[in-house]
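Okay, here's what each chain looks like letter by letter:
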Amino acid sequence: MKNLLRSLRDLFLKPSVRIGLGVLVTGGFIAGVLAWQGFNTAMEATNKEEFCLSCHTMHDNLLPELQKTVHWNNRTGVRARCPDCHVPHDFTDKVARKMQASREVLGQLLGTIDTREKFKEHRIVLAQREWKRFSANGSKECRACHDYKDMDFDKMRPASQVAMRKAAERNQSCVDCHKGVAHQLPEMKGARNPAFDTLVSSAAGQSVDAGKDYFLVVPQELYADEGMTKRIGAIEVATQVKVLETKGDAQRVELALWRKNKGYGRVWYSHFGLNITSAVLDKEVALDASFVKVLDTKEDPMTGLEWQQVTATAWMRKGSVLDSVEPVWSIARASYSSSCSVCHRQPEEAHFDANTWPGLFGGMVSFTSMDDDTARVVLKYLQTHSSDFSTSHGAGSPDSALQTARP
Amino acid sequence: MNNQASGRTAPSGAEPSGRKNEWPRFLLLAFVGLPITMTLAIAAYGFVVWFLQILFFGPPS
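Criteria and thresholds
- Residues numbered from 1 in each chain as written.
- Chains lettered and ligands numbered in written order.
- Predicted model: local features only at pLDDT ≥ 70, side-chain atom pairs only at ≥ 80, totals over all residues.
- Heavy atoms only, no water.
- Helix = DSSP H or I, 4+ residues; strand = E, 2+ residues; numbered from the N terminus.
- Buried < 20%, exposed > 50% of the residue type's maximum accessible area, 1.4 Å probe, protein only.
- Areas by Shrake-Rupley, 256 points an atom, 1.4 Å probe, with all protein chains shown as cover.
- Contact = heavy atoms within 4.5 Å.
- Salt bridge = Lys/Arg side-chain N within 4 Å of Asp/Glu carboxyl O.
- Nonpolar A, V, L, I, M, F, W, Y, C, P; charged D, E, K, R; others polar.
- Axes fitted to C-alpha atoms, helices over the stretch in contact; angles between N-to-C directions.
- Left-handed = near helix turned anticlockwise from the far one by under 90°.

Peer 1: Explanation requested: the overall build of chain B in the structure shown.
Peer 2: Along its length, chain B carries three helices and zero strands. Counted from the first residue to the last, chain B has its helices and strands arranged as α-α-α. Within chain B, the proportion of its 61 residues that are buried is 23%. Of the roughly 4,300 Å² that chain B leaves accessible, carbon and sulfur atoms contribute 70%.

Peer 1: Please explain the interface of chain B and chain A as it appears in this structure.
Peer 2: When the parts of a complex come together, some accessible area is lost, and that lost area is often used as the size of the interface. In this complex, chain B contributes 26 residues to the contact, which on the side of chain A involves 34 residues. The interface formed by chain B and chain A holds zero salt bridges in total. The biggest single contributor to the side of chain B that touches chain A is helix α3 (residues 22-57) of chain B, with 17 residues. Partitioning the side of chain B that touches chain A into residue classes produces 16 nonpolar, six polar and four charged.

Peer 1: I tried to follow the packing of helix α12 (residues 357-364) of chain A against helix α13 (residues 372-384) of chain A on my own but got confused; where do I start?
Peer 2: Packed helices, taken two at a time, are described by their axes: the angle between them and the distance between them. Residue and element names in this part refer to chain A. Packing of α12 against α13 brings their axes to within 10 Å, and their N-to-C directions diverge by 145 degrees. In terms of crossing hand, the pair formed by α12 and α13 is right-handed. On α13, the residues touching Trp-357, Pro-358 and Phe-361 of α12 are Ala-375, Val-378, Leu-379, Leu-382 and Gln-383. In the contact of α12 with α13, the residues fall into seven nonpolar, one polar and no charged.

Remember that the coordinates give geometry; whether it matters functionally is a separate question.
Structure representation (structure tokens):
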């Protein structure tokens, strides 16, 4: 070690005796030119499509997807190659991204996504990483080709003009709306929204006092007995219940809801006149007068239907309630704003009333990647924050909201 | 001045070998040693920037 240091010091500090200064400088100059050229060539070689596709993960999964899009093949003959979108163009960010690729090399060696199934399962992680990058730099790589300042908005279709002019005003990141333009969107149907796991774990730690009101954080089955053997129905997420007692794993809760006095009255709603589903009971139970107590009866002037205020008690599994509904709504809010803005600016919650939302939402939800649980929470969120509940949205009666909803 | 300093410390036998190996040492340094050092330095820079992005800055803006 000492010898090495000494020879290094000699190498740098001792003047040369046999080689002239000019030769040394010229030699160093040539070496420098060659080294820099070599470095750039290597950078360029690792920035080629062929290089990306040399991994079979890229070649088997992402290439066929890209080949179906306009970024591969179009009438103008201009096309995007992998690094045009996925490698930053500035030196520092580019070098950092290339070093970050060590993680991808590791993934390749470990076979993290070496089959189509594994890749599809992992896609959401990869996509979110890339979406995050694009939203941080305002989709800089997209804008190397598509920049707002070079767009002729008048040549766009009228519907696009509105959206694009507004986006340009806000200098919005392209990928905010244009997700999945070059590859398939991550498959999320049937998947679980990981945000619920936090809710469930905080519900498990919630201390519950008998006689107080709580909110469901996940849908639950309802039972007639504390042994939870006889199922009588199911209760929806975010429904308010009064906890009466806790015995072992079971909790007796009181439901105080509304239902339409028509058919079996199986579906129970949270408010008079509003179709906000809170619980669905089995037929025999819903008809059983010893189980369901009717407190009040009112006619809904909008539909002429008679609504009953009902109450019942039932058993459910404990550990799924919270004393505040706000954590549930914050998940719903996040999901609503990110999923719906993929294609359009999402309407304000209070732009429609509680009975308009289910139809609208049901028509749109299949275009999103929400899983079923999330979709239910989001719909309930929209209904309970609709114009029927909003105080800031002026006249909040269902009538006026319906009119503003249909220009 | 440097010349004088080396003149004073060198005569202990290191100089003849230095003279003999001057060309190989020069070529090795210029065409192998320094390019490798440069590449390593840039790689290290890249890693530092990446780690800073993970820890503090978030993705580049």
